[in-house]
Amino acid sequence: MNRVIVITGASSGIGAGLAELLGAQGARLVLVARREPELAAVAARSGSAVLTVVADVTRRADVELVAAKALERYGRIDVWINNVGRGISRSVLELNDQDIDDMMSVNVKSALYGMQVAVPIFRRQGAGHLINVSSLLGRVPIASFRSAYSASKHALNSLTANLRMDLRAEPNIFVSTVHPGIVATEFGARALHGGPDSRQLPGAQSVEEVAAVLASVIEQPRADVYTRPQAKQLVLAYYGAEDMAEAERKPPFFGS
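Residues numbered from 1 in each chain as written. Predicted model: local features only at pLDDT ≥ 70, side-chain atom pairs only at ≥ 80, totals over all residues. Heavy atoms only, no water.

1. Description of the pairing of strand 4 (residues 79-82)
Logical step 1: The side-chain alternation of strand 4 yields two buried faces, one formed by Val79 and Ile81 and the other by Trp80 and Asn82.
Logical step 2: Direction of pairing for strand 1 (residues 4-8) relative to strand 4: parallel, over a ladder of three bridges. Looking at the pairing, Ile7 lines up with Ile81 of strand 4.
Logical step 3: Pairing analysis gives four bridges linking strand 4 to strand 5 (residues 128-133), with the strands arranged parallel. Bridging across to strand 5, Ile81 finds its partner in Ile131. (Buried < 20%, exposed > 50% of the residue type's maximum accessible area, 1.4 Å probe, protein only. Helix = DSSP H or I, 4+ residues; strand = E, 2+ residues; numbered from the N terminus. Pairing = 2+ DSSP bridges.)

Right, here's the structure in full:
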């Protein structure tokens, strides 16, 4: 592969699984996370060409530092994957100002900073690929207790699509959104205000399966990708429904 690939949120879950897969394929990696010991452990399993950067990507200066260190080490960045994300377990009427600020900071602003840092580099290089890891909940409100998380991923989807439109005249710069559903990671256990452990939920997709989909998007860039085929059909059925409220009363939709 030999591409230089930045992965944020690489200390666990999807980011860690993807790092291990891409490292085994020969990618040159820049792994980013706040938790240094966990990040170092992932790096040790992710091939020989790995740069780790301990950073908080909700801070613009940290994201700029990631890019600078990547360019210093490798001289280019081929793929930038905004993978940081955090959940929340609160219904709409329970949300407070800090809940909304936290969700927007982690799930939207971190990716926005990544886009604003990576794309100018891609333009100077004449090529590059930006991938934002979103969520099926950014398309359909399956779980209302994830209300603010769902809203933040809707915002991320919109920013991603608008960026892709802005880059239409630059065909060598690709912009992709990838939408996992429930994945067997610590996501649920680490959600704000608690909530169900994603690893214990029936039908949770494995990290390895999601990582394989992301790797395929790197190899064959596509604009909008679901990690399970049936997810796209769910989205189409929901938005094509005569009565969305009626659709929301049926599985797999459920409330708080």
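Resuming the write-up.
2. Regarding the pattern of salt bridges
Two side chains carrying opposite charge are able to pair once their charged atoms lie near each other.
Logical step 1: As enumerated under the stated definition, the model contains 11 salt bridges in all.
Logical step 2: Arg59 is the salt-bridge partner of Asp62, the closest N and O atoms lying 3.3 Å from each other.
Logical step 3: Exposure remark for Asp62: the relative accessible area of 15% places this residue in the buried category.
Logical step 4: For Arg59, a relative accessible area of 48% puts it in the partly exposed group.
Logical step 5: Arg123 serves as the salt-bridge partner of Glu170, at 2.8 Å between the closest nitrogen and oxygen. With Glu170 in the loop between helix 5 (147-166) and strand 6 (173-179) and Arg123 in helix 4 (residues 97-125), this pair connects stretches of sequence that are 47 residues apart.
Logical step 6: Via salt bridges that share partners, Arg35, Glu186 and Arg190 belong to a single interconnected network. (Salt bridge = Lys/Arg side-chain N within 4 Å of Asp/Glu carboxyl O.)

3. Things to note about helix 6 (residues 207-219)
Logical step 1: The first and last C-alpha atoms of helix 6 sit 18 Å apart over 13 residues, in line with the 18 Å expected at 1.5 Å per residue.
Logical step 2: Among the residues of helix 6, Val207, Val210, Ala211, Val213, Leu214, Ala215, Val217 and Ile218 are the ones counted as buried.
Logical step 3: In this structure, the buried residues of helix 6 make contact with strand 1, helix 1 (13-24), strand 4, strand 5, strand 6 and strand 7 (224-226). (Expected span 1.5 Å × (residues − 1). Contact = heavy atoms within 4.5 Å.)

4. Describing helix 3 (residues 60-74)
Logical step 1: Here helix 3 contains 15 residues, and its C-alpha end-to-end distance of 21 Å stays within 8% of the 21 Å for a straight helix at 1.5 Å per residue.
Logical step 2: Those residues of helix 3 lying buried are Asp62, Val63, Val66, Ala67, Ala70 and Tyr74. For helix 3, the angular spread of the buried residues around the axis is 145°, confining them to a single face. Exposed positions of helix 3 whose direction lies more than 90 degrees from the buried face are Ala61 and Glu72.
Logical step 3: As for helix 3, its buried residues are in contact with strand 1, strand 2 (28-33), strand 3 (50-54), strand 4 and helix 4.
Logical step 4: Gly75 sits one or two residues past helix 3 and shows a positive phi near 85°. (Arc of directions from axis to C-beta.)

5. Observations regarding the packing of helix 4 against helix 5
Logical step 1: Between helix 4 and helix 5, whose axes approach to 8 Å, the crossing angle comes to 20°. The angle between helix 4 and helix 5 places the two elements in the roughly parallel class. Crossing handedness for the pair helix 4 and helix 5: right-handed. Judged by residue contacts, Ile100, Met103, Met104, Asn107, Val108, Ala111, Met115 and Val119 of helix 4 engage Ala148, Tyr149, Ser152, Lys153, Ala155, Leu156, Leu159 and Leu163 from helix 5.
Logical step 2: Of the residues belonging to the contact of helix 4 with helix 5, the class tally is 13 nonpolar, two polar and one charged. (Axes fitted to C-alpha atoms, helices over the stretch in contact; angles between N-to-C directions. Parallel < 35°, antiparallel > 145°, perpendicular 65-115°, else oblique. Left-handed = near helix turned anticlockwise from the far one by under 90°. Nonpolar A, V, L, I, M, F, W, Y, C, P; charged D, E, K, R; others polar.)

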